Amino acid sequence: MPNLTFYIRQDQMPAAQSLDRLTARCAQLCTKILEALPENIHIIYVAVGHGTGHPAFVDIRYRMSANRTPAVLEEFMQQLDKAIQDHTGLLTRIRCFAYAAQSISARH
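Analysis parameters
Residues numbered from 1 in each chain as written. Predicted model: local features only at pLDDT ≥ 70, side-chain atom pairs only at ≥ 80, totals over all residues. Heavy atoms only, no water. Pairing = 2+ DSSP bridges. Helix = DSSP H or I, 4+ residues; strand = E, 2+ residues; numbered from the N terminus. Right-handed = clockwise from strand over helix to strand, strands pointing away. Buried < 20%, exposed > 50% of the residue type's maximum accessible area, 1.4 Å probe, protein only. Contact = heavy atoms within 4.5 Å. Salt bridge = Lys/Arg side-chain N within 4 Å of Asp/Glu carboxyl O.

Draft legend 1. Up close: the pairing of strand β4 (residues 92-99). Sheet analysis places strand β3 (residues 56-63) next to β4, joined by eight bridges and oriented parallel. Each residue of the ladder has a partner; that of arginine 61, found in β4, is phenylalanine 97. With respect to chirality, the unit in which β3 leads through helix α2 (residues 70-88) into the neighbouring parallel β4 is right-handed.

Draft legend 2. Structural view of the environment of threonine 23. With respect to the helices and strands, the residue threonine 23 is situated in helix α1 (residues 16-32). A relative accessible area of 27% places threonine 23 in the partly exposed class. Once residues within four sequence positions are removed from consideration, threonine 23 is found in contact with Ile43 and Tyr45.

Draft legend 3. Region of the structure containing the pattern of salt bridges. One pass over the full model with this rule turns up three salt bridges. For arginine 61, the salt bridge identified is with aspartate 59, shortest N-O distance 2.8 Å. Its relative accessible area of 11% is what places aspartate 59 among the buried residues. The closest approach of N and O atoms between lysine 82 and aspartate 86, which form a salt bridge, is 2.8 Å. Of this pair, lysine 82 and aspartate 86 both sit in helix α2, four residues apart, roughly one helical turn.

Below, the structure is given as structure tokens:
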């Protein structure tokens, strides 16, 4: 874990090449800043009908650990915001949610 889910307005969904580059950058941020194992990183893009708010929203869920301090998460969000701007040009709301390892039941 972490899981990054991008909800992007259907009419503003970037081209596949841009999403490929963003995916690579997000994976790099997860491994370098959050110290996640590559096989535990999940990144998905969901095209949505837009109601209100920013044209894109990122929901990030990750397992709590001693190294994922508020300062580390702030750096991660700053770098993620820059990557999103660089690869999509979209203003994105970013929200991170931490879970204690013992609170997670998972399979595969």
